[in-house]
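# Structural description and commentary
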Amino acid sequence: MSSPQSEKQTLFITSLIIFWYSSNIGVLLLNKLLLSNYGFSFPIFLTMCHMSACAVLSYVSIVFLKIVPFQRIKSRSQFFRIATLSIVFCGSVVGGNISLRYLPVSFNQAVGATTPFFTALFAYLITQKREAWVTYGCLVPVVAGVVIASGGEPSFHLYGFIMCIGATAARAFKSVLQGILLSNEGEKLNSMNLLLYMSPIAVLVLLPATLVMEPNVIDATITLAVTHRYLVLLILINSTMAYGANLLNFLVTKHTSALTLQVLGNAKGAVAVVISILLFRNPVTFIGIAGYAMTVMGVVAYGESKRRSK
């Protein structure tokens, strides 16, 4: 018979996973709703809102609520390395948000599932890190699945697809870069402290980009807010959920394991696809579903192959 303590722990972890799923999928669906359905066509400004919320809420949760110990930047070179990561991170989030303007969430998630392929590619090109041939073999269905899904996607949009591929590659590049730039034991930061430093830098990068590329964003937002009275509230909720997704990502990893997170992440993509199809009613084809299923199976096989080779 399980003890009350272990039951509490199980309930806590289950709650964490449910909240993590809700925040991750919620951000994705709200991004789509704002950028496509509400006509709020300002992905750079939306990303800046996300980063602003992450900067403020990271500071409150670390400095005041002490969710994790505060870690200081120890050198100028460490700061520049964090700034580099922040710029790459910006590129991945902006690219992902732009793609959601043109692509359905289901196809966006199918392309996003190819992250392991780009991670393996950059790890080899930058660090010369090689995996077993079986592991590389598992990446074939990952890529083939997206090629098949692309051919069977009724709402395919070339620019949106390029942005989505770019965002996926940037996300993989950031993870490889993070492993290299923050490899010094004395300068390693946990993901919450890293977000605390990256977010304000991201805001400073995105602010001039917004002013140059989306100069009429304030006027357009005010005009849209008159038509859609909940627009500003939705942007605030969306931005808060963006921070919540990062916080819960950290907590799920802390209380389970990186492998559990990877498995849950694969399932999360499939759940997001089903919910988005039911919600937005975007047309799907058997070929598209088969392609996405092949990609997910490839990702699962890749994760298992990496685990066994360790």
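Residues numbered from 1 in each chain as written. Predicted model: local features only at pLDDT ≥ 70, side-chain atom pairs only at ≥ 80, totals over all residues. Heavy atoms only, no water.

As annotated in an unreviewed UniProt entry, the protein chain carries the name Sugar phosphate transporter domain-containing protein and is attributed to Anisodus tanguticus. A UniProt comment under Subcellular location (unreviewed entry) is attached to the protein chain, and it reads "Membrane". (UniProt positions renumbered as here; feature names shortened; annotations may be inferred.)

Moving on, we come to the side chain of E214. Position of E214 relative to the elements: it lies in the loop between helix 8 (191–213) and helix 9 (217–227). Comment: no salt bridge for buried E214; closest opposite-charge side chain is R101, at 6.7 Å. What E214 contacts, discounting residues up to four positions off in sequence, is S41, F42, P43, I44, F45 and A209. (Helix = DSSP H or I, 4+ residues; strand = E, 2+ residues; numbered from the N terminus. Buried < 20%, exposed > 50% of the residue type's maximum accessible area, 1.4 Å probe, protein only. Lys, Arg positive; Asp, Glu negative; His and termini not counted. Salt bridge = Lys/Arg side-chain N within 4 Å of Asp/Glu carboxyl O. Contact = heavy atoms within 4.5 Å.)

Our focus in this paragraph is the packing of aromatic side chains. Per the stated rule, a full pass over the model turns up 13 aromatic pairs. With a centroid separation of 5.9 Å and an interplanar angle of 75 degrees, the aromatic rings of Y59 and F64 are classed as edge-to-face. Among the residues examined, Y59 registers a relative accessible area of 43% and is labelled partly exposed. By relative accessible area, which is 58% here, F64 ends up exposed. When the centroid spacing of 5.2 Å and the interplanar angle of 75 degrees are considered together, the rings of F117 and F118 count as edge-to-face. Using a relative accessible area of 12% as the deciding quantity, one classes F118 as buried. Sitting above the plane of the W20 ring, K268 keeps its charged end 6.0 Å from the centroid. (Phe/Tyr/Trp six-rings, centres within 6.5 Å; stacked < 30°, edge-to-face > 60°. Lys NZ or Arg CZ within 6 Å of the ring centre and 35° of its normal.)

Attention now moves to helix 8. Of all the bends in helix 8, the greatest reaches close to 25 degrees and is centred on M198; the proline P200 follows between one and four positions later. Sitting at the head of helix 8, N190 places a side-chain oxygen 3.1 Å from the backbone nitrogen of M192. (Bend = angle between axes of the 7 residues up to and from the residue. Polar contact = N/O pair within 3.5 Å; in protein donor to acceptor, adjacent residues only side chain to side chain.)

For an α-helix, the turn length of 3.6 residues means that residues three or four places apart are oriented alike. Its 19 residues place the ends of helix 6 (residues 133–151) 28 Å apart at the C-alpha level, agreeing with the 27 Å of an ideal helix rising 1.5 Å per residue. Taken together, the buried positions of helix 6 are occupied by T135, C138, L139, V142, G145, V146, A149 and S150. Looking straight down helix 6, one finds its buried side chains confined to an arc of 135 degrees; they lie on one side. Of the exposed residues in helix 6, the ones pointing more than 90 degrees away from its buried face are W133, V134, V140, V147 and G151. Looking at the buried residues of helix 6, the elements they touch are helix 4 (105–112), helix 5 (115–127), helix 7 (158–181) and helix 12 (286–309). (Expected span 1.5 Å × (residues − 1). Arc of directions from axis to C-beta.)

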